[in-house]
Amino acid sequence: MIEYSPFWKTLKKSKETTYTLIKVHHISSATIDKLRKNKPINTTTLNDLCRILNCRLEDIACYIPSDNDQVL
């Protein structure tokens, strides 16, 4: 499962807030909600967040093995 706890830590360390992500950078409130609930987001959004927060992908998301992962 991809989870976004690193995102919240990175956001807290930055000068940005969820408000500025929405109002200034035009990240949708639905995307913020997906991040809160560890729901899938697209790679374009991940790229945008890395650019806005000046960070690496691992500063936003991480993979944690889960019994709920899709069987391949």
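You'll find the structure just up there.
Positions within a chain are numbered from 1, following the residues in the order the chain's sequence is written. In view of the model being predicted, local features appear only for residues whose pLDDT reaches at least 70, and side-chain atom pairs are presented and counted only at 80 or more, with totals across whole chains, interfaces and linings using the full set of residues. Note: side-chain values were computed over all heavy atoms of the structure, leaving out hydrogens and water.

Trainee: Looking at this structure, how should I read the overall build of the protein?
Mentor: Under the scheme used here, helices are H or I runs from DSSP no shorter than 4 residues and strands are E runs no shorter than 2 residues, and both carry numbers assigned from the N terminus. For the protein, the helix and strand inventory stands at 4 helices and 2 strands. Reading the secondary structure of the protein in the N-to-C direction produces β-α-α-α-α-β. Taken against the 2.2 N^0.38 rule, which gives 11 Å for 72 residues, the C-alpha radius of gyration of the protein at 12 Å falls within 12% of a compact globule. Overall size of the protein, expressed as C-alpha extent along the three principal axes, is 40 × 20 × 20 Å. Relative accessibility decides the category of a residue: with a 1.4 Å probe and only protein chains considered, values under 20% of the type maximum give buried, values over 50% give exposed, and everything between is partly exposed. Burial analysis of the protein (72 residues in total) assigns 32% to the buried set. The globule rule used for comparison is 2.2 Å times the number of residues to the exponent 0.38, while the radius of gyration itself is calculated over C-alpha atoms.

Trainee: Whenever I open this one, the nonpolar core confuses me. Can you help?
Mentor: Across soluble globular proteins, nonpolar side chains show a tendency to be buried alongside one another. By nonpolar core we mean a set of buried residues, namely Ala, Val, Leu, Ile, Met, Phe, Trp, Tyr and Cys, connected to one another through side-chain atoms within 4.5 Å. Membership of the largest hydrophobic core comes to 16 residues, with the highest contact counts inside it found for Tyr4, Phe7, Leu21, Leu35, Leu49 and Ile60. Looking at this core, the elements that each hand over two or more residues are helix 1 (5-13), helix 3 (29-36) and helix 4 (43-53). Examining the composition of this core, we find that 5 residues originate from one element, helix 4, more than from any other.

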